[in-house]
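An overview of the molecular structure
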Amino acid sequence: TMQTSRLIALRSPMLAGRSSLRAAALNGIRSRSISIHPNPLILTSKDQLWYKFHNTWPVVVPMTVQVPGTISSEQGVSAKEPVCNISKLSNGVRVISETSHGLGCSLAVFLQLGSAVETAETSGATHYLQHLAFKATKERSHFMLTRDVEKIGGHVASGASRDVITYAGECLSSNAEKLFEIIAETATRPSTEAYDMKSAADLIHQDVENSTKNGASRVLDLLHEAAYAGEGLGAPLLTSNDQLPGSAVDSFLAANLVPSRIVVAGVGIEHARLAAMAEQAFGELAAKSAPALPSSKYVGGDYRVPADLDKGEVHIALGFQGVGVADKDLLAVAAIQSLLGGGDSFSAGGPGKGLTSRIFTNVLSLQGVLSSSAFSVSYHDSGLFGVQTSASPDRAAKAIELVCRELVRLRKDKVTSLELERAVNQTRASLLTNLEAKGIVCEDLGRQLLYFGERQSGAQLSAKLAKLTAEDISRAAGRILASPLTVSAYGAVQAVPPYEYIQSLLK
């Protein structure tokens, strides 16, 4: 039409103008003189061409141009099997490393101490050490330490449990020495001046406040206290002591910082380098006999704490004596955890998310049950196994009945071949997927050496899992469920039936 013709006529000069601008830009690209970067990877004309394209505007890098320093798609290189090395310093500090692809590395120092080894005078020291980590040290201020980590592009973190404190970090392998110096320094020489202790106390206060709102975490803490009568592994991990003197933390470290209980782990770094770094950081520690680790006796019990939670719900944990990390039934118990499975009322996904597990199918199907899942925690000489559930008060008693029914089934009924295959494969998949991350591999290295004195690879553990039989599952389940029952509850505890009634449901 005439109207359309007019529009085309009006747009034509604009389009022509844009085309001429684009042509001029491309001509500028072709004629522009690009200085080559002083990069050792620029060895071929293809590399020079890539940098020429990359340093022009607009950036027009053809997909057919190979990025410098990379292997061409036609060649390909077979990935090498990771190599694990273990050594020991003259004073007893152990060092473990594993090779890895990439430019980065993960480093960690493990100290075999925690709330389980605290005394009446040092109670709460573990919690304080967690918040003193990567703050100020005897040699550096908090500002200086933070700046030094940032200068090398590092990332640091710490974590405390009942039997291990971990100090870890990641950076480029070329900066490993600088980062490890900081990790070792904060692990062995944290500043315990009054100001630093006050800052840690403020963070501890926040932890305690947050825990009162986190029913899932709080009920497991209560379960530990009841199961071990408040001693050893039953000692509280979170402390309410906001007046702990710095001298108590210093004496706690002095008494428990023994070379034989220190493990240095690294992934993506040569073992000789890591051993040299460990020697420089810990070589001067005097070799001495380590004090005996306190034995934690499992006794079972009942511990309920009323609380006003946001949803008015109640959190319940039914626990039994589990297995230690060196127990022969450790893998069988891991498979049992997958077999029972569970999740929460909003779980989504396919069978791989545990939607076909026993608890998800037979417990979470009850309206009013917010979450229910099996758990297993293992320590150096003991562990806890059980099921943790949250529900509205009017459904709590019924939820407990359903959970107990599944536990009785576990002891009385033989696991089907389909259930066994599913549980084993889910456990293997979880294991191998987690070991894709350098940080988790580093933690696995350190903890295995700390507990076992050796390291089994993911492939080795996966092969052992594949050999589990229904008899192995039944034996491990019977052993666990034969131990005394432990019950803990947090929230609307008035809705939880008496201990004796729950105990009768398990017969």
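In short, a report on the structure. Since the structure is predicted, the reported quantities are computational estimates derived from the model, not experimental observations. (Residues numbered from 1 in each chain as written. Predicted model: local features only at pLDDT ≥ 70, side-chain atom pairs only at ≥ 80, totals over all residues. Heavy atoms only, no water.)

1. So, the overall build of the chain
This is how the line gets drawn: Note on conventions: DSSP H or I runs of at least 4 residues are helices, E runs of at least 2 residues are strands, and numbering of each starts at the N terminus. Exposure categories follow from relative accessible area, calculated using a 1.4 Å probe and restricted to protein chains: below 20% of the type maximum is buried, above 50% is exposed, and the middle band is partly exposed. Residues count as neighbours in contact if any of their non-hydrogen atoms are within 4.5 Å of one another. Reported accessibility uses the Shrake-Rupley method at a 1.4 Å probe radius. Residues are deemed covered only where the shown protein chains occlude them.
Broken down by element type, the chain carries 17 helices and 12 strands. Classification of the 507 residues of the chain by burial places 45% in the buried group. Long-range pairs, those at least 24 residues apart, make up 76% of the contacts in the chain with a sequence separation of at least 6. Working note: accessible area of the chain is about 25500 Å², and carbon and sulfur atoms make up 56% of it.

2. Considering helix 9 (residues 271-282)
Note the threshold: How far a helix is expected to stretch is found by multiplying one less than its residue total by 1.5 Å. In this description, one arc is meant: the one made by directions from the helix axis to the C-beta atoms.
Between its terminal C-alpha atoms helix 9 stretches 16 Å, which fits the 16 Å expected from 12 residues at 1.5 Å a residue. The set of residues buried in helix 9 consists of His271, Leu274, Ala275, Met277, Ala278 and Phe282. The buried residues of helix 9 occupy one face: seen down the axis, they fall within an arc of 160 degrees. Facing away from the buried side of helix 9 by more than 90 degrees, the exposed set consists of Ala272 and Gln280. Tucked into the core, helix 9 has its buried residues touching strand 1 (84-88), strand 2 (94-98), strand 3 (104-111), helix 5 (176-188) and strand 6 (262-267).

3. Looking at unusual backbone geometry
Positive phi is not limited to glycine here, since Phe134 has a value of about 60 degrees. Residue classification places Phe134 among the buried residues on the basis of a relative accessible area of 9%.

4. Here's the deal with the sheet that holds strand 9 (residues 342-344)
Worth spelling out the cut-off: In this analysis, strands are considered paired if DSSP registers two or more bridges between them. Inter-axis angles, ranging from 0 to 180 degrees, are taken between N-to-C directions of lines fitted to C-alpha atoms, where helices are fitted over the stretch in contact.
Taken in spatial order, the six strands make up an open sheet running 7-12-8-11-10-9, and their pairing is mixed. Among the strands making up the open sheet, the edge pair consists of strand 7 (301-306) and strand 9. The mean angle between the axes of side-by-side strands here comes to 20 degrees, regardless of whether they run parallel or antiparallel. Pairing of strand 7 with strand 12 (residues 486-491) involves six bridges; the strand directions are parallel. Note that in strand 12 the partner of Val305 across the bridge is Tyr490. Where helix 10 (residues 330-340) meets the sheet, its contacts fall on strand 9, strand 10 (369-378) and strand 11 (383-391), and the angle it forms with strand 10 comes to roughly 175 degrees.

5. Section: the sheet that holds strand 4 (residues 155-160)
Ordered by their spatial adjacency, six strands build an open sheet running 1-2-6-3-5-4, and the pairing between neighbours is mixed. Lying at the two open borders of the sheet, with one neighbouring strand each, are strand 1 and strand 4. In this sheet, neighbouring strand axes are inclined to one another by 15 degrees on average, regardless of whether the strands run parallel or antiparallel. Of the pairings in the sheet, the one linking strand 3 to strand 6 comprises six bridges and is antiparallel in character. Bridge assignment links Val109 to a residue of strand 6, and that residue is Val264.

6. A few points about helix 5
The end-to-end C-alpha separation of helix 5 is 18 Å, in line with the 18 Å expected for 13 residues at 1.5 Å each. Where burial is concerned, most of helix 5 is hidden: 10 out of the 13 residues are buried.

7. As for the layout of surface pockets
Counted only if it meets this: Method remark: on a 1 Å grid restricted to protein atoms, a set of points is classed as a cavity if a 1.4 Å probe fits but cannot get out and as a pocket if it is open with protein on both sides within 12 Å along at least five of seven lines; lining residues have an atom within 4 Å of a point. Grid points are joined across faces, edges and corners, and a volume is the space filled by probe spheres set on the points. Under this grouping Gly is polar, as are all residues other than the nonpolar Ala, Val, Leu, Ile, Met, Phe, Trp, Tyr, Cys and Pro and the charged Asp, Glu, Lys and Arg.
In this structure, the second largest pocket encloses a volume near 700 Å³. Residue lining of the second largest pocket: 21 residues in total, with Glu81, Pro82, Glu98, Thr99 and Leu435 positioned closest to the centre. Mapped onto the lining of the second largest pocket, the elements with two or more residues apiece are helix 14 (438-452) and helix 15 (458-466). Looking at the lining of the second largest pocket, its residues break down into eight nonpolar, seven polar and six charged.

8. A short note on the pairing of strand 5 (residues 165-172)
In regular strands, side chains alternate between the two faces of the sheet. Bridge count for strand 3 against strand 5 is eight bridges, and the pairing is antiparallel. Each bridged residue has a counterpart across the sheet, and for Gly104 the counterpart in strand 5 is Leu172. With six bridges joining them, strand 4 and strand 5 adopt antiparallel strand pairing. Within strand 5, the position partnered with Ser158 by the bridge is Tyr167. Taking the residues that link successive antiparallel strands as the turn, the strand 4-strand 5 hairpin has four residues.

9. Thoughts on the packing of aromatic side chains
Stated formally: Two aromatic rings from Phe, Tyr or Trp, using only the six-membered ring of Trp, form a pair when their centres are within 6.5 Å; if the ring planes differ by under 30 degrees the pair is stacked, by over 60 it is edge-to-face, and anything between is tilted.
Applying the stated criterion to the full structure yields three aromatic pairs. Consider the rings of Phe134 and Tyr167, whose centres lie 6.4 Å apart with planes at 65 degrees: the pair is edge-to-face. Placement of Phe134 in the loop between helix 3 (125-132) and helix 4 (142-151) and of Tyr167 in strand 5 is noted, with a sequence separation of 33 residues between them. No difference in accessibility class separates Phe134 from Tyr167, as the two residues are buried. Aromatic pair Phe180 and Phe282: ring centres 6.3 Å apart, planes at 85 degrees, arrangement edge-to-face.

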